[in-house]
Amino acid sequence: MKKKDLFKRKKKRPEDLHENPLDYFRDETLNQYASSKSMMRIQQKITLRAMELLNMEKENVLILDAGSGPGFSSAIIKDLGFNVVSLDLNEKLLNFYKIRELNPIVGDICSLPFRPEVFDGIISISAIQWLLKENKSKFFQDFSRAIKNFHEILKKNSNLVLQFYPKNEHVLKEMGKIITDATSFKGNFIIDNVNNPKKRKIFLHLNKNH
Ligand SMILES: C[S@@+](CC[C@H](N)C(=O)[O-])C[C@H]1O[C@@H](n2cnc3c(N)ncnc32)[C@H](O)[C@@H]1O
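Residues numbered from 1 in each chain as written. Predicted model: local features only at pLDDT ≥ 70, side-chain atom pairs only at ≥ 80, totals over all residues. Heavy atoms only, no water.

K.L.:
What is the right way to read the site of the ligand from this model?
P.N.:
Taken together, 21 residues lie around the ligand, and Tyr33, Gln43, Ser73, Asp88 and Asp108 are the ones closest in. With respect to the ligand, the side chain of aspartate 108 contributes an N or O atom lying 2.9 Å from a nitrogen atom. Protein contact buries 97% of the 600 Å² of open area that the ligand shows by itself. When grouped by side-chain class, the residues that make up the shell around the ligand number twelve nonpolar, seven polar and two charged. (Near = heavy atom within 4 Å. Polar contact = N/O pair within 3.5 Å; in protein donor to acceptor, adjacent residues only side chain to side chain. Areas by Shrake-Rupley, 256 points an atom, 1.4 Å probe, with all protein chains shown as cover. Nonpolar A, V, L, I, M, F, W, Y, C, P; charged D, E, K, R; others polar.)

In structure tokens, the structure reads:
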């Protein structure tokens, strides 16, 4: 398969159409997303794979779900036996269900409200593409802030797994450069179902060892 085919999309994605996720996840779209059983199943399936990559022990572990939406991913993390903090920009999504046991916090991935080295693991499912606008100088700023934040709040010898929808290979290369320049993270991109466009999923797996 040619590399450019990896990123081919039939339809524009929400982040191609809206600058700010709060402009997309509102009114009817917000209700439809948060009530969708198929969306719940998709998010849960991707989350199970991300948790496999995160490879955590279950004892007294605290995981951040960054860009948690209504909590589909967080709920499965909780069901697996982990403590979870669900963070999202959108208060309405965090209030859609009664998710108090998921420790919901309104916040921005680009300026996280946590002390250094508090999390044993971080996942983010289908959210980071909102920070990856390749044709704007802000692209570098937003992702750079986010990755520095993640690095700061993660404990040593811990992992981060991001699943997201990059627009092209250039985005992956720029992400790699930013990660290397701004943090001590080591890791790689993992592509599942590379030959099946419908099932293909791209993950970034990073380890903080110091
Ligand atoms: C596809 S949705 C939620 C996916 C989530 N894994 C779930 O289980 O539903 C992506 C979410 O990312 C959130 N988001 C996007 N940019 C964000 C940012 N900078 N900080 C926090 N949340 C953000 C959006 O508000 C949205 O709720």
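K.L.:
What exactly am I supposed to notice about the packing of aromatic side chains here?
P.N.:
Two aromatic rings are characterised by how far apart their centres lie and by the angle between their planes. This structure, assessed with the given rule, holds nine aromatic pairs. Judged by centre distance (6.3 Å) and plane angle (40 degrees), the rings of tyrosine 24 and tryptophan 130 are tilted. Of this pair, tyrosine 24 sits in helix α2 (residues 21-24) while tryptophan 130 sits in the loop between β4 (119-125) and α7 (138-153), placing them 106 residues apart in sequence. With relative accessibility at 24%, the residue tyrosine 24 sits in the partly exposed group. (Phe/Tyr/Trp six-rings, centres within 6.5 Å; stacked < 30°, edge-to-face > 60°. Helix = DSSP H or I, 4+ residues; strand = E, 2+ residues; numbered from the N terminus. Buried < 20%, exposed > 50% of the residue type's maximum accessible area, 1.4 Å probe, protein only.)

K.L.:
I'm lost on the sheet that holds strand β7 (residues 201-208) in this one. Help?
P.N.:
By way of backbone hydrogen bonds, the strands of a sheet pair with one another, either parallel or antiparallel. Ordered in space as β3-β2-β1-β4-β5-β7-β6, the seven strands form an open sheet in which the pairing is mixed. A single partner strand is all that each edge strand has here, and the edge strands are β3 (104-106) and β6 (186-192). Looking at each pair of strands side by side, their axes are set apart by 20 degrees on average, direction ignored. In the packing of helix α4 (residues 37-54) onto the sheet, contacts are made with β1 (62-66), β4, β5 (154-164), β6 and β7, and the angle to β4 comes to roughly 145 degrees. Lying on the sheet, helix α8 (residues 169-182) is in contact with β5, β6 and β7; it crosses β7 at an angle near 10 degrees. (Pairing = 2+ DSSP bridges. Axes fitted to C-alpha atoms, helices over the stretch in contact; angles between N-to-C directions. Contact = heavy atoms within 4.5 Å.)

K.L.:
Would you mind showing me how to read the side chain of glutamine 163 here?
P.N.:
Locating glutamine 163 in the fold gives a position in strand β5. Assessed through its relative accessible area of 0%, glutamine 163 is described here as buried. Among the polar contacts listed, one links the side chain of glutamine 163 to the side chain of serine 126, at a separation of 2.8 Å. Ignoring anything within four residues of it in the chain, the contact list for glutamine 163 reads Ile46, Ser124, Ile125, Ser126, Ala127, Lys201, Ile202 and Phe203.

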